[in-house]
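# Per-entry structural report
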Amino acid sequence: MRYKELNHAFYVSKEWLALRKEVLRLDKYECQMCKAKGYYKRANHVHHVNTVKEHPELALSKTYVDKDGQVQRNLISLCKLCHEKVHNHRQKDPPKPLTEERW
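Rules of the game
Residues numbered from 1 in each chain as written. Predicted model: local features only at pLDDT ≥ 70, side-chain atom pairs only at ≥ 80, totals over all residues. Heavy atoms only, no water. Core = buried A, V, L, I, M, F, W, Y, C linked by side-chain atoms within 4.5 Å. Buried < 20%, exposed > 50% of the residue type's maximum accessible area, 1.4 Å probe, protein only. Helix = DSSP H or I, 4+ residues; strand = E, 2+ residues; numbered from the N terminus. Phe/Tyr/Trp six-rings, centres within 6.5 Å; stacked < 30°, edge-to-face > 60°.

### Considering the nonpolar core
Soluble globular proteins: nonpolar side chains tend toward being buried together. Counting residues in each nonpolar core, the largest one holds 17 residues, and the members touching the most others are Trp16, Cys31, Val46, Leu75, Leu78 and Cys82. Among the elements of the structure, helix 2 (14-26), strand 4 (75-78) and helix 4 (80-90) are those that each provide at least two residues to this core. The greatest single-element share of this core, amounting to four residues, is contributed by helix 2.

Dropping the structure here:
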């Protein structure tokens, strides 16, 4: 199976859907990035701090232990905009425009 198919299978699994709901409830459906900035926005995404692709062993873990031995959140509730911001920061090259301007 290709990674994309495995990834989809994970995100529709009963285990993930139950954990996702648990994390959203834990965070009171509040975007944790917005909350850190002092305002409220409803969360509708659950973000893996440690990506499933790079750390499959943490895919269903709410926490992880960092390099300093501290327990950190692995799954956090985010709004759509913050989730997109987080993932865009991971891109090595900025996305190319859909259409190229020509003068």
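### As for the packing of aromatic side chains
Two aromatic rings, taken as a pair, are described by how far apart their centres are and by the angle between their planes. Following the criterion strictly, the structure yields three aromatic pairs and no others. Ring geometry for Phe10 versus Trp16: centroids 5.4 Å apart, planes at 40°, classification tilted. For the pair Phe10 and Trp16, a shared accessibility class is recorded, and that class is buried. An aromatic cluster is defined as three or more aromatic residues linked by ring pairs; in this entry it consists of Phe10, Tyr11 and Trp16.

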